[in-house]
Amino acid sequence: MGIKILGTGSALPEKVVTNFDLMKTMDTSDEWIRERTGIGARHVVTGSFDTETTLGTNAARRAIEAAGLLACDIDLILVATCTADDRLPCVACKIQAALGAGQAAAFDINAACAGFLIGLSVAEGYLSSGAFANVLVVGTETVSKIIDWSDRGSAILFGDGAGACVVTRSDSAFTFALGADGEGGDALRCSHNSTVTMDGQAVYRFATRTVPKVINEVLAKAGMKASEVDKYVLHQANMRIIGSIAKGLKEPIEKFPTNIENVGNMSSASIPVLLDELVRDGKIVAGEKIVLAGFGAGLTYGACVMEY
Ligand code: ACO
């Protein structure tokens, strides 16, 4: 028994903050940000209009519609987020209520930028066991609310958004490899009532060393070679990190689609937003072999390989 993605969706806040906008409030430049990260702009929530719940709900509605289902067909809602406005109730329950999916079980997963990937693996476990038939996995973040906008070393990186997909049982296998390095957790922290602190170089080293390893591990488990992969949909942390991972795998950078230039790093929302854009643009088509890989605070990481 395997699983497949039935439909994808995404939602971004309307407001766009460009590097030139940031230059008005901090000592930075478009050139520095682009050269070090590949980021040109990011979307951010304003006032109380958009929250991680409204963004996640909009992305979920689009994914359910693309799947050809109704909210009442969803058995389980998994929400990956590390920027929930409230400690209780969890965002998954708020999205369940907003969708009118009262029959679905619902809970959150906090694994930062690897959260969506880990959510997919949880969905795969439940679907394979026969416990549920249709699972909605959402990655939704309002990182702009927890960053220190006066810290030019971290504020330039992040954006807000949400992505979702509906997964169901099928014959095609998803293979996963997951891990964590809790001892490295100090590299990226955010305490209650505080803002994000980051050792950028430690995060960079972690990502560039760990991600090629976990991708090779998942390919070995699936009995595949890197050259057989059509596309790598990676967490959009930084263009230089993606370039280094491509080199580590000895794979051409053309196989690594990105959207970081326009949306920045949206933590757990990065992978599902990019996936949705690629599917809707016809850049991922049925039958392609796709690797997804996430990595972030924790430190958490994981990869999966699937046939779309
Ligand atoms: N604009 C201009 N100058 C800056 C900026 C900025 N926005 N930020 C830092 N600088 C300066 C520093 O003050 C420093 O100046 P100094 O030499 O006079 O002291 C200089 O630029 C170099 O700073 P570094 O921190 O060494 O810059 P680095 O080359 O490491 O780039 C960066 C910083 C982009 C954060 C890099 O370390 C990185 O990409 N790390 C990965 C972090 C990441 O992706 N985090 C995402 C969250 S976790 C995740 O998603 C996996």
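Residues numbered from 1 in each chain as written. Predicted model: local features only at pLDDT ≥ 70, side-chain atom pairs only at ≥ 80, totals over all residues. Heavy atoms only, no water.

Draft legend 1. Representation of the site of the ligand within the structure. Around the ligand, the structure places 25 residues, and the nearest of them are Thr28, Arg36, Gln201, His235 and Asn238. In the environment of the ligand, a nitrogen atom lies 3.4 Å from a nitrogen or oxygen atom belonging to the side chain of tryptophan 32. Here arginine 152 contributes a side-chain N or O atom positioned 2.9 Å from an oxygen atom of the ligand. Burial of the ligand by the protein amounts to 73% of the accessible area it has alone, namely 1,000 Å². At four residues, helix α7 (residues 200-222) tops the list of elements feeding residues into the shell around the ligand. Classifying every residue of the shell around the ligand by side-chain character gives 12 nonpolar, nine polar and four charged. Of the domains in this structure, domain 1 (2-170) and domain 2 (175-307) are the two that each give at least three residues to the shell around the ligand. (Near = heavy atom within 4 Å. Polar contact = N/O pair within 3.5 Å; in protein donor to acceptor, adjacent residues only side chain to side chain. Areas by Shrake-Rupley, 256 points an atom, 1.4 Å probe, with all protein chains shown as cover. Helix = DSSP H or I, 4+ residues; strand = E, 2+ residues; numbered from the N terminus. Nonpolar A, V, L, I, M, F, W, Y, C, P; charged D, E, K, R; others polar. Domains from an automatic or database assignment.)

Draft legend 2. Representation of the packing of helix α3 (residues 52-67) against helix α4 (residues 91-99) within the structure. The N-to-C vectors of α3 and α4 enclose an angle of 55°; their axes lie 9 Å apart at closest approach. Overall, the two elements α3 and α4 adopt an arrangement that is oblique. As for the relative orientation of α3 and α4, their crossing is right-handed in sense. For the pair formed by α3 and α4, the contact residues are Glu52, Thr53, Gly56, Thr57, Ala60, Arg61 and Ile64 on the first element and Val91, Lys94, Ile95, Ala98 and Leu99 on the second. Counted by class, the contact of α3 with α4 contains six nonpolar, three polar and three charged residues. (Axes fitted to C-alpha atoms, helices over the stretch in contact; angles between N-to-C directions. Parallel < 35°, antiparallel > 145°, perpendicular 65-115°, else oblique. Left-handed = near helix turned anticlockwise from the far one by under 90°. Contact = heavy atoms within 4.5 Å.)

Draft legend 3. Looking closely at helix α8 (residues 239-249). Among the residues of α8, Ile241, Ile242, Ile245, Ala246 and Leu249 are the ones counted as buried. Each buried residue of α8 sits inside an arc of 140° when the element is viewed along its axis, so together they form one side. On its buried face, α8 sits against α7, β11 (231-234) and β12 (289-296). Sitting at the amino-terminal end of α8 is asparagine 238, which places a side-chain oxygen 2.7 Å from the backbone nitrogen of arginine 240. Among the residues trailing α8, lysine 250 stands out with phi positive, at a value near 60°. (Buried < 20%, exposed > 50% of the residue type's maximum accessible area, 1.4 Å probe, protein only. Arc of directions from axis to C-beta.)

Draft legend 4. Quick peek at the domain arrangement of the protein. As far as domains go, the protein holds domain 1 (2-170) and domain 2 (175-307). Placing a centre on the C-alpha atoms of domain 1 and another on those of domain 2 gives a separation of 16 Å. Each partner contributes to the interface: domain 1 provides 49 residues, whereas domain 2 provides 40 residues. Taken together, the two surfaces of domain 1 and domain 2 that pack against each other cover about 3,400 Å², and 65% of this comes from carbon and sulfur. Considering only the side of domain 1, the residues that lose the most area to domain 2 are Thr8, Cys113 and Leu117, jointly responsible for 19% of the buried surface there. Linking domain 1 with domain 2 are one salt bridge, by the criterion used here. Where glutamate 261 meets arginine 34, a salt bridge forms, and the shortest distance between an N and an O atom there is 2.9 Å. Seen at the junction of domain 1 and domain 2, the total is 21 residue pairs in polar contact (both at pLDDT 80 or more). (Buried area = accessible area lost by both parts, 1.4 Å probe. Salt bridge = Lys/Arg side-chain N within 4 Å of Asp/Glu carboxyl O.)

Draft legend 5. Geometry of the sheet that holds strand β4 (residues 76-80). Taken in spatial order, the five strands make up an open sheet running β1-β7-β6-β4-β5, and their pairing is mixed. A single partner strand is all that each edge strand has here, and the edge strands are β1 (2-11) and β5 (105-109). Averaged over all pairs of adjacent strands, the angle between strand axes in this sheet comes to 20°, irrespective of strand direction. Across nine bridges, strand β6 (residues 134-142) lies against strand β7 (residues 160-170) in antiparallel orientation. Paired with glycine 139 across the strands is glycine 163, a residue of β7. (Pairing = 2+ DSSP bridges.)

Draft legend 6. Representation of the pattern of salt bridges within the structure. Applying the stated rule across the entire model yields 11 salt bridges. With a closest N to O distance of 3.3 Å, aspartate 21 and lysine 24 form a salt bridge. According to the relative accessible area criterion, aspartate 21 is partly exposed, its value standing at 28%. Looking at lysine 24, the relative accessible area reads 68%, which means it is exposed. Notably, a salt bridge pairs aspartate 27 with arginine 152, separated by 3.6 Å at the nearest N-O pair. On the criterion of sequence distance, the pair formed by aspartate 27 in the loop between α1 (19-23) and α2 (30-37) and arginine 152 in helix α6 (residues 152-155) is long-range, its members being 125 residues apart.

Draft legend 7. Spotlight on unusual backbone geometry. Cis geometry marks the peptide bond from leucine 88 to proline 89; its omega dihedral reads -5°. You can see proline 89 is positioned in the loop between β4 and α4. Put simply, glycine 298 and leucine 299 share a cis peptide bond, and its omega is 0°. As for its position among the elements, leucine 299 is in the loop between β12 and β13 (300-307). Positioned with a positive phi, alanine 112 is a non-glycine residue whose angle comes to about 50°. Turning to its location among the elements, alanine 112 is positioned in the loop between β5 and α5 (115-129). Located in the positive-phi region is serine 267, a residue other than glycine, with phi close to 50°.

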